[in-house]
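# Chain and residue survey
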Amino acid sequence: MRIHLIAVGQKPPSWVAEAWREYARRMPRECAIHLTEIPAGRRHKNASVTPVVAAEGERMLGAVPRGAWIIALDERGREWDTRQLASEMTGWMREGQDVALLIGGPDGLAPACREGAHHIWSLSRLTLPHALVRIVVIEQLYRAWSLNANHPYHRD
């Protein structure tokens, strides 16, 4: 099983790239994580962002590996605590099916991404910067794996 994080935005701040590399390095081979960055569409002053977000969504969905379980990250989704995420991860690993996590850009996730998702996951009801979401997601995935593996990283 591979986890594919598909995110709008390229060239994140160096601290985001560094944190990403650190947690990606920690992930075990049985649930390796891969980042696909989708270029953000050009935004123009006083122009509607709706078509830009829709185009980003099409590119995101086009990057999803065939047969992958799609999870859209959106503040209107269902929140999981760490144990629930660990349980979800156990299921993903048992099925052996790739998982694609979709993170929208500065104007959010395209409706087509939410509609095409098997699940909508909310990290928080807060609006988070999309670059920070990458780090929160990969850290929580590592934490969920460590809980399942009885690794000392996660402590109750």
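Relevant structure appears above.
Residues numbered from 1 in each chain as written. Predicted model: local features only at pLDDT ≥ 70, side-chain atom pairs only at ≥ 80, totals over all residues. Heavy atoms only, no water.

### A short note on unusual backbone geometry
Heads up, the rule is: Only DSSP runs of H or I reaching four residues or more are called helices, and only runs of E reaching two or more are called strands; each is numbered from the N terminus. Any residue under 20% of the maximum accessible area for its type is buried, any over 50% is exposed, and the rest in between are partly exposed; the area is computed with a 1.4 Å probe on protein chains only.
One non-glycine residue, Asn-46, lies in positive phi territory at about 65 degrees. Tracing the chain through its elements places Asn-46 in the loop between strand S2 (32-38) and helix H2 (50-63). A residue is classified by how much of its surface remains accessible, and Asn-46, at 78% relative accessible area, is exposed. Even without being glycine, Asn-150 reaches a positive phi, approximately 55 degrees.

### Thoughts on the packing of helix H3 (residues 82-95) against helix H5 (residues 130-148)
Rules: To obtain each axis, a line is fitted to C-alpha atoms, and for helices this fit is confined to the stretch in contact; angles are then taken between N-to-C directions over 0 to 180 degrees. If an angle is under 35 degrees, it is roughly parallel; if it is over 145, roughly antiparallel; if it lies from 65 to 115, roughly perpendicular; otherwise it is oblique. Contacts are residue-level and defined by heavy atoms, with any inter-residue pair within 4.5 Å sufficient. Under the scheme applied here, ten amino acids are nonpolar (Ala, Val, Leu, Ile, Met, Phe, Trp, Tyr, Cys and Pro), four are charged (Asp, Glu, Lys and Arg), and all others, including Gly, are polar.
One can describe the packing of H3 onto H5 by two numbers: an axis separation of 8 Å at closest approach and a directional angle of 75 degrees. Looking at the two axes, H3 sits roughly perpendicular to H5. Listed contacts from H5 to Thr-82, Arg-83, Leu-85, Ala-86, Met-89, Thr-90 and Trp-92 of H3 are Gln-140, Leu-141, Arg-143, Ala-144, Trp-145, Leu-147 and Asn-148. Across the contact of H3 with H5, the residue classes break down as eight nonpolar, four polar and two charged.

### Observations regarding the nonpolar core
The cut-off we apply is this: By nonpolar core is meant a set of buried Ala, Val, Leu, Ile, Met, Phe, Trp, Tyr and Cys residues that side-chain atoms within 4.5 Å join together.
Counting residues in hydrophobic clusters, the biggest one holds 32 residues, and the most contacted among them are Ile-3, Trp-92, Leu-101, Val-137 and Leu-141. Counting only elements with at least two residues in this core, the list comes to strand S1 (2-8), helix H1 (14-26), strand S3 (69-79), H3, strand S4 (99-103) and H5. The greatest single-element share of this core, amounting to 10 residues, is contributed by H5. The contact partners of Ile-3, leaving out residues within four places of it in the chain, are Met-27, Cys-31, Ala-32, Ile-33, His-34, Met-89, Val-99, Leu-101 and Leu-141. Counting residues in each nonpolar core, the second largest holds 15 residues, with Ala-68, Ala-72, Ala-100 and Ala-110 among its members.

### Regarding the packing of H1 against H5
For clarity, the cut-off: Should the near helix be turned counterclockwise from the far one by less than a right angle, the crossing is left-handed, whereas a clockwise turn marks it as right-handed.
Orientation of H1 relative to H5, taken along the N-to-C sense of each, is 20 degrees, at an axis distance of 9 Å. Classified by the interaxial angle, the pair formed by H1 and H5 is roughly parallel. Considering only the axes of H1 and H5, their crossing is left-handed. Where H1 abuts H5, its residues Trp-15, Val-16, Ala-19, Trp-20, Tyr-23, Ala-24 and Arg-26 lie against Ala-131, Leu-132, Arg-134, Ile-135, Ile-138, Glu-139 and Tyr-142.

### Here's the deal with the packing of aromatic side chains
Worth spelling out the cut-off: The criterion for an aromatic pair is that two Phe, Tyr or Trp rings (for Trp, the six-membered ring) have centres within 6.5 Å, with stacked assigned to planes under 30 degrees apart, edge-to-face to planes over 60 apart and tilted to the rest.
Per the stated rule, a full pass over the model turns up three aromatic pairs. Through a chain of ring-to-ring contacts, three or more aromatic side chains come together here, namely Tyr-23, Tyr-142 and Trp-145.

### Structural notes on the pairing of S3
So the rule is basically this: Here, strands pair whenever DSSP counts at least two bridges between them. Note on handedness: a clockwise path from strand one over the helix to strand two, with the strands aimed away from the viewer, defines a right-handed crossover.
Bridge count between S3 and S4: four bridges; the pairing is parallel. The partner of Ala-72 across the bridge, within S4, is Leu-102. Note that the unit made of S3, H3 and S4 has a crossover that is right-handed. The pairing of S3 with strand S5 (residues 119-122) spans five bridges and is parallel. Bridging across to S5, Glu-79 finds its partner in Ser-122.

### Quick word on the pattern of salt bridges
Short version of the rule: Counted as salt bridges are all cases of a side-chain nitrogen of Lys or Arg within 4 Å of a carboxyl oxygen of Asp or Glu.
According to the stated counting rule, one finds nine salt bridges in the structure shown. Between Glu-22 and Arg-25 there is a salt bridge, and its shortest N-O distance comes to 2.6 Å. Placement of both Glu-22 and Arg-25 in helix H1 is noted, with a separation of three residues, approximately one turn of the helix. Glu-22 gets classed as partly exposed once you look at its relative accessible area, which sits at 28%. With a shortest N-O distance of 3.2 Å, Asp-74 and Arg-114 are connected by a salt bridge. Taken together, the positions of Asp-74 in strand S3 and Arg-114 in helix H4 (residues 111-116) put the pair 40 residues apart, joining distant regions of the chain. A cluster of three or more residues bridged by salt bridges with shared partners is formed by Glu-22, Arg-25 and Arg-26.

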